[in-house]
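# Analysis of the macromolecular model
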Amino acid sequence: MQGVFNRLSSVARSLSFNTFTRNVSTAPAPKPTPFVLYTAGTPNGRKVSVFLEELRAVYGEKVDYDVEKIDIARNAQKELWFIKLNPNGRIPVLVDRAREDLVVFETAASLLYLEQHYDPERKLGFDPVSQPNDYSEMLQWMFVWWDLVSMTRLLWHGGVGPMQGQANHFNRFAPVDIPYAKNRYILETKHLYGVTEICLTDRDYLAGPGRGVYSVADIDGSGSGSLVFRINVHQFAGIESLDEWLSLQVSFQKHFVSYVVRSARKAVQDGLAIP
């Protein structure tokens, strides 16, 4: 009797194993998404996630992506594995699996890459061949506004941000008082406020015909309300009043309303929730 029981147990185990093996082998392997986005909950990181969500709203799973959250509080972006992706050690980084795992780093580069390769209908940008003037205008504002909003690179990527950030630092955080540095960056920030005043007058969006067309330039310029935030905290940078720029105050209110309207878009809300 014991021998019969042992044989039955062996058969049962064999059937169970074969069934399990059969289930595993026949299950379809999950299809990898086209992109991996290494990011964090910062304005720069969210610009790329917002743009990806805007593209997904138009093109669906063709621009689906996985998210790898980078803990910048513990400097994960400075670890060797991440430096191999971006030698500058900053988020965001985009990996395009469809193009042999091509790595694209830095915010504006990622936005322009996605616009160039994954927006064939130019729903969020302009065709450099058939719309060369609008395309050029879009690029100009992306390079202009970083000055206004981000602290180091292109006017989004080269002006108010870098200048006002330096003004903030030397007015609030520098361990010693350096009048020359404070004055220099306050004057540069004021200059760029003037540029902002000019560019927002009679415009709803930064680039395109008429009052403008919603594009990647607007996403780049107002990631998490970057421009809105920068101008709203002007006193922190040592600029007590905006009275010198009366039309800027009007334009700023219009831009703020425009930002709120854009933020109500589902794609923007979804992008701002990443990671």
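See the structure printed just above.
Quick summary incoming for the structure in this document. Residues take numbers from 1 onward in each chain, read along the sequence in its written order. In keeping with the model being predicted, local features are shown solely for residues with a pLDDT of at least 70 and side-chain atom pairs are shown and tallied solely at 80 or more, while totals for entire chains, interfaces and linings include all residues. Hydrogens and waters are ignored; side-chain quantities use all the structure's heavy atoms.

Moving on: helix H4 (residues 107-118). Between its first and last C-alpha atoms H4 spans 16 Å; for twelve residues at 1.5 Å apiece the expected length is 16 Å, and the two agree. Listed as buried for H4 are Thr-107, Ala-108, Ser-110, Leu-111, Tyr-113, Leu-114, Glu-115 and Tyr-118. The numbering of helices and of strands both runs from the N terminus, where a helix is a DSSP run of H or I of at least 4 residues and a strand a run of E of at least 2. In this scheme, a helix's expected span is set at 1.5 Å multiplied by one less than its residue total. Note on classification: 1.4 Å probe, protein chains only; a residue is buried when its accessible area is under 20% of the maximum for its type, exposed when over 50%, partly exposed between these limits.

Right, let's talk about the sheet that holds strand E1 (residues 35-39) for a bit. Whether two strands pair depends on DSSP finding at least two bridges between them. Strands sit in the order E2-E1-E3-E4 across an open sheet of four strands; the sheet is mixed. For this open sheet the edge positions go to strand E2 (65-69) and strand E4 (102-105), each flanked by a neighbour on one side alone. Neighbour-to-neighbour, the strand axes of this sheet turn through a mean angle of 20°, independent of strand direction. Judged from the five bridges that link them, E1 and E2 form a sheet pairing that is parallel. For Leu-37, the partnering residue across the bridge sits in E2 and is Val-67. Relative to E1, helix H2 (residues 43-59) is tilted by about 150°, and along the sheet it contacts E1, E2 and strand E3 (93-96). Should any heavy atoms of two residues lie within 4.5 Å, those residues are counted as being in contact. Angles shown run from 0 to 180 degrees and are taken between the N-to-C directions of axes, each axis being a line fitted to C-alpha atoms and, for helices, limited to the stretch in contact. Across the sheet, H4 lies against E1, E3 and E4, angled at about 130° from E4, the strand it touches most.

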